[in-house]
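Listed below, chain by chain, are the residues.
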Amino acid sequence: MATRSKQKALERQAKADTRPCATAKYVRISPYKVRIVLDIIKGKSVTEAIAILENTPKAASEVLLKVVNSAAANAENNQNLARNDLYIAECYANEGPTLKRIQAVSKGRAYRINKRTSHVTVVLDSMA
């Protein structure tokens, strides 16, 4: 039996990060490819990051644009923060489950193809 479960839940809730964030899970892009674009927008203001993502010719920029817009909308609607005062405090791409596929090759052999997925998280914070 779990002891002090209510107390532990209250402590966990008190320690929870109150910054607005958004997460996209099971995105069918390798985390390595997503991190390249994440490094470009890390620390930038939200408006500047959106402008960069709209003009970046990478597949990950489309997904990241949605996540940044979602995090900004969460900040506006849930915490009444102004969109112009927000910047990207944290952003990271963790590895999701890998889809394992095979490709038939000569002599009856099969090569493994790993289709990687990622979980993308963007955390915003206000400049003031």
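Preceding block: the structure.
Describing the sheet that holds strand 5 (residues 118-126)
At step 1: Taken together, three strands build an open sheet; the order of strands is 1-5-2 and the sheet is antiparallel. Single-partner strands in this sheet number two, and they are strand 1 (21-27) and strand 2 (86-95). Adjacent strand axes in the sheet meet at a mean angle of 15 degrees when their direction is disregarded.
At step 2: Bridging between strand 2 and strand 5 involves nine bridges; their strand directions are antiparallel. The residue of strand 5 that forms the bridge with Glu 90 is Val 123.
At step 3: Seen against the sheet, helix 2 (residues 31-41) touches strand 2 and strand 5 and runs at an angle of roughly 165 degrees to strand 2.
At step 4: Relative to strand 1, helix 4 (residues 59-79) is tilted by about 150 degrees, and along the sheet it contacts strand 1, strand 2 and strand 5.

Regarding the nonpolar core
At step 1: Counting residues in hydrophobic clusters, the biggest one holds 27 residues, and the most contacted among them are Val 34, Val 68, Ile 88 and Leu 124.
At step 2: Elements with a minimum of two residues in this core: strand 1, helix 2, helix 3 (46-54), helix 4, strand 2 and strand 5.
At step 3: At eight residues, the largest contribution of residues to this core is made by helix 4.
At step 4: Residues in contact with Ile 88, not counting those within four places in the same chain, are Ile 41, Lys 42, Gly 43, Lys 44, Ala 49, Val 68, Val 122, Val 123 and Leu 124.

Some thoughts on the side chain of His 119
At step 1: With respect to the helices and strands, the residue His 119 is situated in strand 5.
At step 2: Separated by 3.1 Å, the side chain of His 119 and the backbone nitrogen of Tyr 26 make a polar contact.
At step 3: In contact with His 119, other than residues within four places in its own chain, are Ala 24, Lys 25, Tyr 26, Tyr 92, Ala 93, Asn 94, Glu 95, Gly 96 and Pro 97.

Notes on helix 4
At step 1: Taking 1.5 Å per residue as the helical rise, helix 4 with its 21 residues ought to reach 30 Å, and the 31 Å between its terminal C-alpha atoms agrees with that figure.
At step 2: Residues Ala 60, Ser 61, Leu 64, Leu 65, Val 67, Val 68, Ala 71, Ala 72 and Ala 75 constitute the buried set of helix 4.
At step 3: After helix 4 finishes, the residue Asn 80 shows a positive phi value of roughly 55 degrees.

Description of the packing of helix 3 against helix 4
At step 1: Look at helix 3 against helix 4: their axes get within 9 Å of each other, and the N-to-C directions meet at 160 degrees. By the angle class used here, helix 3 and helix 4 are roughly antiparallel. Crossing geometry of helix 3 relative to helix 4 is assigned as left-handed. Residues Val 46, Ile 50, Leu 53 and Glu 54 of helix 3 form the contact with helix 4, whose participating residues are Ser 61, Leu 64, Leu 65, Val 68, Asn 69 and Ala 72.
At step 2: Tallied by class, the residues present in the contact of helix 3 with helix 4 amount to seven nonpolar, two polar and one charged.

Procedures and definitions
Residues numbered from 1 in each chain as written. Predicted model: local features only at pLDDT ≥ 70, side-chain atom pairs only at ≥ 80, totals over all residues. Heavy atoms only, no water. Pairing = 2+ DSSP bridges. Helix = DSSP H or I, 4+ residues; strand = E, 2+ residues; numbered from the N terminus. Axes fitted to C-alpha atoms, helices over the stretch in contact; angles between N-to-C directions. Contact = heavy atoms within 4.5 Å. Core = buried A, V, L, I, M, F, W, Y, C linked by side-chain atoms within 4.5 Å. Buried < 20%, exposed > 50% of the residue type's maximum accessible area, 1.4 Å probe, protein only. Polar contact = N/O pair within 3.5 Å; in protein donor to acceptor, adjacent residues only side chain to side chain. Expected span 1.5 Å × (residues − 1). Parallel < 35°, antiparallel > 145°, perpendicular 65-115°, else oblique. Left-handed = near helix turned anticlockwise from the far one by under 90°. Nonpolar A, V, L, I, M, F, W, Y, C, P; charged D, E, K, R; others polar.

From the geometry alone we can't say anything about function, so treat these as descriptive.
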